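Per-entry structural report
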Amino acid sequence: MALLKYTLSRAVRGVLSIFVIVTIAFFAIRLVPGDPVDVWLGDYATPELVALTTAAWGLDKPLHVQYFVFLRQLAKGDLGTSLRANASVTYLIGEVFPYTVRLMMAGALISVILGVLIGAYAAVRHNSVGDVASMTACMVFLSIPGFVLGYLLIFLFAVTWRIFPVIGGEKTLSVAALWRHLTLPALSLGLGYAGTVARMTRSTMVEVLNSDYIRTARSKGLRQSTIVFRHAMRNTLTSLVSMIGVQVIVMLGGLVVTETVFSRPGLGRLYFTAVSARDYPLMQGSILVIAVCVVVVTFLVDLSYGIIDPRIQYT
Amino acid sequence: MKRAALVVCALALLVAASGLMGRAESVLRVRLANEIVNLDYANSQSVSDIVVLYQVMEGLVEMDWTSSEMPIPIRGRLAKSYEVSQDGTQILFTIHEGIKFHRGYGELTAEDVAYSMKRIMDPVVKSRIATYYAAVQSIDVVGPYQVKVTLKDSSALTFIQALTWNGASYITSKKAVEELGADFNRRPIGTGPYQFASWSPGTGVYLEGFADYWGAPEWGFGKPGYDKVEMLLIADDMIALDALETGELDVVGLVGKGSVERAQQMKDITLTHAASGSWQHLTAFNVKRPAVSDVRVRQALAYGANLKAIADRLGPMEEYWPCPFNPFVFSATTEFWHYDYNPEKAKQLLAEAGYPNGFTLKLIYPAVYLWGDVALELGHYWEQIGIEVDFEVIEYSLYATVRREGDWDASVASHTVFSPYLYAELYMTTAFRNYTGYGTLELDALIQEAAATPDPAQAEVLWREFQETVTNDLPYIWGPVQVAWFAISNDVAGVIPVAFSTLVNLAAAHPAP
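These numbers were taken from a predicted model, which means no experiment stands behind them.

Re empty space enclosed by the protein
- One pass over the structure, following the stated rule, counts three cavities of 30 Å³ or more.
- The space that makes up the largest cavity amounts to roughly 140 Å³.
- Every residue lining the largest cavity is counted, 16 residues in all, and those nearest its centre are Tyr54(B), Thr164(B), Trp165(B), Gly167(B) and Tyr170(B).
- For the lining of the largest cavity, the element with the most residues is strand S2 (residues 61-63) of chain B, which contributes three residues.
- Partitioning the lining of the largest cavity into residue classes produces nine nonpolar, six polar and one charged.
- One number sums up the size of the second largest cavity: a volume of about 90 Å³.
- Every residue lining the second largest cavity is listed: Asp43(A), Leu282(B), Arg403(B), Ala413(B), Ser414(B), His415(B), Leu426(B), Arg433(B), Tyr435(B) and Tyr476(B).
- Among the elements that line the lining of the second largest cavity, the one with the most residues is strand S16 (residues 410-415) of chain B, at three residues.
- Across the lining of the second largest cavity, the residue classes tally to five nonpolar, two polar and three charged.

Laid out in structure tokens, this is it:
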């Protein structure tokens, strides 16, 4: 019952947050210098064409009227029509969103699995050569800019060894092909974040491994793997999950680079195109989807605390 | 006996199965450098729109990119002939018979021709190329395959030149536009060798060979050489070349600095380029500003920049071409350019103009294409003659607005058209696109006269006079032009490079024998 109440309250807060975000976004993007009509027409912006296009796009109406039109459309589930592509924003986002979800999930999975394994290894081998080497490797991945890592992966795995394709965008229903196209972009996105997860895991776990209950477990003769993964890991998970939640949100920002390097469709590139063209409806739509993603991820992270640590109560 | 019968049956099944399976699909993979924006021929915007539409649509007239003549000859494509009246006020287009539209939209008729042309002029369509049709008075169907265009003046030659570019004479099916409505900008219907199949945002555009393609016998295209064409969106030149190397792409148009040099190192590809470039860098001077309003200062800036060295330094993609028109344009000539690099003369002219110690020049440019490189090169030379250059990078989206507002002395941009008049418009006092503020009523009259001269020989004399005048007055420094280069897999033959960015003509492309 407490969980249901908590979920409902979070859902209401989430909807309110999204409403505030899209409202701020609606007005903020119109404060950015540059007019979509001017961008669209460029050198061909004769006064007649400017007037015709402004009216056709509804930009001649007062701002508050435009805002209410936007809200009315939103209530009907309509995100409007992209000014630049003259196509439904829902359609454009719908076409690229599955690519973004796949990339985000694969990137997060890689960063978590690799990060946790490396972090746990470094903690167990605290102050050893292995610890220093693995933490140095993490620092390297953290420091390499995303586009450099992307190009490096392409050079090695696509051009030199021909294991994966250069082009990360796939239009296929074959699961095998999906994975082939996804692997390098996901590695490029996930490896940098794996470094952060590893460092975080290591520092938390070093502390846990020095605690009394671990010493007790050791004295009872439990195996190292049981101690690390069953006892120590559980206590590091709470802080790890909150950090992973934040990282997934931060990853959204890294999408543009990864999608561009790997010629992959996605929300990051779509948003970048929208900003360049001052395509207000597409910008609003993209911001809304990103806001929903952030709210959902935050909610899932909060929800997972109770599962990881039964002492946490939902109120 | 039984075994023999079984073997015969097995063989028969095998033959039947292979017949059912048919031959493997042939697919040509072509690089798109940027995202599709609008596939309505009247409103195409990005280079990729132009690249896609070039394979799907056909124009009444077209430039013959297989020719080595300069300026490039214009030929009819859908038009079997076009007759210009003696006074240059009327053009009678006669189209080929029996040409089919894609997706079962029927046969191409004069009705479709008139409709497609009038559509560009329709204010509701808000076409960016409506100005190309400014001189049109009426478009009339005079027979099942004949359309007469009547002009307000005798500018038939100019109008035909304008029709060769930007889809200005692309013909679509009236029925298709009416049926598809708002979707027409994402489902173009034409008569070209490849028909549009789908657009996947962020991924690319997919075309299918059009089995009923008429083959343009005069051009010798024949049936499409591939079952499918996949045009894949790859923004980065180097990644596109990687994909060519691994066999994921077959045709890569190159746009970035250093890409030609990289392609030169690659094996199993053919590196080819158009005869020259049409994408011409223009450095405009804002003649309303104190210093650059003086023609001696502008001349000093021309003498002070080594344009040949700049073109060389920018690599094989850039070609020295100091002319108000690009090399393919009717009457284009560099013979009036007399500002060979001479820094001493530049300093002398600056002193004569009252700037012996130079002045501060605000040079604006967006960091796109090679515009920034051109701006930095020019600025570097101008600093050597005592000019203090204030470089300012402007976001590309805001560039047209900033240039119109006029707070700059010099600005770098590029321009491609294939009609002298559409170039000359930039210099007219009445033109909205005249950012420089330069122009005189006499020059306006000369441009109008040249545009309305139907006789090519006389028109050439007038256009040469125009080029001489503006080369003396220098509201712009012209060039270099960007040559279109293509890296093509050796498995592919018949690709025709077009002298604009990544544009290729795939009508004759086929698997190499």
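Focus on the environment of Met317(B)
- Tracing the sequence through the fold places Met317(B) in the loop between helix H9 (307-313) and strand S13 (318-319).
- Taking the C-alpha atoms as reference points, Met317(B) and Val255(B), separated by 62 residues in sequence, lie 8.1 Å from one another.

Overview of the nonpolar core
- Counting 199 residues, the largest nonpolar core has Trp382(B) and Trp463(B) as the members making the most contacts within it.
- Ranked by residue count, the leading element in this core is helix H12 (residues 280-308) of chain A, at eight residues.
- Taken together, domain 1 (39-186) and domain 2 (275-483) of chain B each give at least three residues to this core, which thus spans both.
- If we skip the residues at most four places from it in the chain, Trp382(B) touches Thr283(B), Phe285(B), Leu301(B), Gly304(B), Ala305(B), Leu361(B), Leu363(B), Ile387(B), Val389(B), Ala410(B) and Ile477(B).
- Of all hydrophobic cores here, the second largest spans 34 residues; its members include Leu240(A), Met243(A), Val297(A) and Tyr305(A).

Notes on the interface of chain A and chain B
- Contacts between chain A and chain B engage 41 residues on the former and 41 residues on the latter.
- A combined buried area of about 3,700 Å² lies between chain A and chain B, and 55% of that area is made up of carbon and sulfur atoms.
- Among the residues of chain A in contact with chain B, Trp40(A), Asp43(A) and Tyr44(A) are the three that bury the most area, contributing 19% of the side total.
- Here chain A and chain B share two salt bridges between them.
- Notably, a salt bridge pairs Asp38(A) with Arg404(B), separated by 2.7 Å at the nearest N-O pair.
- Viewed at the interface, chain B and chain A are joined by eleven residue pairs in polar contact (both at pLDDT 80 or more).
- For the side of chain A that touches chain B, the per-class residue count stands at 25 nonpolar, seven polar and nine charged.

Comments concerning the domain arrangement of chain B
Residue and element names in this part refer to chain B.
- Partitioning chain B into domains gives domain 1 (39-186) and domain 2 (275-483).
- A separation of 31 Å is found between the C-alpha centroids of domain 1 and domain 2.
- Domain 1 puts 18 residues into the contact, and the matching count from domain 2 is 21 residues.
- Interface area for domain 1 against domain 2, summed over the two sides, is near 1,500 Å², with a carbon-plus-sulfur share of 70%.
- Among the residues of domain 1 in contact with domain 2, Met 70, Leu 157 and Gln 161 are the three that bury the most area, contributing 32% of the side total.
- Counting every contact that joins domain 1 to domain 2 gives zero salt bridges.
- If you look at where domain 1 meets domain 2, you find four residue pairs in polar contact (both at pLDDT 80 or more).

Focus on the sheet that holds strand S6 (residues 136-143) of chain B
All names here are of chain B.
- With antiparallel pairing, four strands are arranged side by side in an open sheet as S4-S5-S7-S6. Looking at which strands have only one partner, the edges of the open sheet turn out to be strand S4 (79-84) and S6. Going across the sheet, the axis of each strand differs from the next one's by a mean of 20°, ignoring polarity.
- Examined bridge by bridge, strand S5 (residues 90-95) and strand S7 (residues 146-151) share five bridges and lie antiparallel to one another. Directly across from Ile 91, in S7, lies its bridge partner Val 149.
- Sitting on the sheet, helix H3 (residues 110-121) touches S5, S6 and S7, and the angle it makes with S6 is about 165°.
- Against the sheet, helix H4 (residues 156-163) contacts S4, S5, S6 and S7, and its axis sits at roughly 40° relative to S5.

Observations concerning helix H5 (residues 89-124) of chain A
Residues and elements named next belong to chain A.
- Compared with an ideal rise of 1.5 Å per residue, which puts 36 residues at 52 Å, H5 spans 50 Å between its outermost C-alpha atoms and is within 8% of the ideal.
- For H5, the principal kink sits at Val 96 and spans about 35°; a proline, Pro 98, occurs within the next four residues.
- Between a side-chain oxygen at the N-terminus of H5 and the backbone nitrogen of Thr 90 the separation is 3.2 Å; the capping residue is Ser 88.

Some details on the pattern of salt bridges
- Going through the model one piece at a time under the given rule, you end up with 26 salt bridges over all chains.
- For the salt bridge of Arg215(A) with Asp212(A), the shortest nitrogen-to-oxygen distance reads 3.0 Å. Note that Arg215(A) and Asp212(A) are positioned in helix H9 (residues 212-219) at a spacing of three residues, about one turn of the helix.
- Its relative accessible area of 55% is what places Asp212(A) among the exposed residues.
- Ionic pairing is found between Arg31(B) and Asp237(B), a salt bridge with its closest N-O pair at 2.8 Å. Note that Arg31(B) is positioned in strand S1 (residues 27-32) and Asp237(B) in helix H6 (residues 237-245), a separation of 206 residues in sequence. For the residue pair Arg31(B) and Asp237(B), the accessibility class agrees, reading buried in each case.

Scoring rules and cut-offs
Just so you know, the residues in each chain are numbered from 1, in the order the chain's sequence is written. The naming scheme follows written order: chains are lettered A onward, ligands numbered 1 onward. pLDDT decides what is reported in this predicted model: residues at 70 or higher carry local features, side-chain atom pairs at 80 or more are listed and counted, and totals for whole chains, interfaces and linings draw on all residues regardless. In computing side-chain values, all of the structure's heavy atoms are included and hydrogens and water are not. Grid spacing is 1 Å over the protein atoms alone, the probe is 1.4 Å, and a cavity is where that probe fits but cannot get out, while a pocket is an open set with protein on both sides within 12 Å along at least five of seven lines and lining residues have an atom within 4 Å of a point. Grid points are joined across faces, edges and corners, and a volume is the space filled by probe spheres set on the points. In this text, helices come from DSSP runs of H or I with a minimum length of four residues, and strands from runs of E with a minimum of two, each type numbered from the N-terminal end. Each residue gets one of three labels, nonpolar for Ala, Val, Leu, Ile, Met, Phe, Trp, Tyr, Cys and Pro, charged for Asp, Glu, Lys and Arg, and polar for the others, Gly among them. What makes a nonpolar core is a set of buried Ala, Val, Leu, Ile, Met, Phe, Trp, Tyr and Cys residues whose side-chain atoms join them at distances within 4.5 Å. The cut-offs for exposure are 20% and 50% of the maximum accessible area for each residue type, with area from a 1.4 Å probe on protein chains only; residues under the lower value are buried, those over the upper are exposed, and the others partly exposed. Segment limits for the domains were obtained from an automatic or database-derived domain assignment. In what follows, a contact means two residues having at least one pair of non-hydrogen atoms within 4.5 Å. By definition, the buried area sums, over both parts, the 1.4 Å-probe accessible area that each loses when the two are put together. Note on definitions: salt bridges are taken to be side-chain nitrogens of Lys or Arg within 4 Å of carboxyl oxygens of Asp or Glu. Pairs of N or O atoms within 3.5 Å make up the polar contacts considered here, provided that, within protein, one atom can donate a hydrogen while the other can accept it, and that residues adjacent in sequence are counted only when both atoms are side-chain atoms. Two strands are said to pair when DSSP picks up at least two bridges between them. Axes here mean lines fitted to C-alpha atoms, for a helix over just the part in contact, with angles spanning 0 to 180 degrees between N-to-C directions. To estimate the expected span of a helix, count its residues, drop one, and scale the result by 1.5 Å. The seven residues ending at a residue and the seven starting there each receive a fitted axis; the angle between those axes is the bend at that residue.

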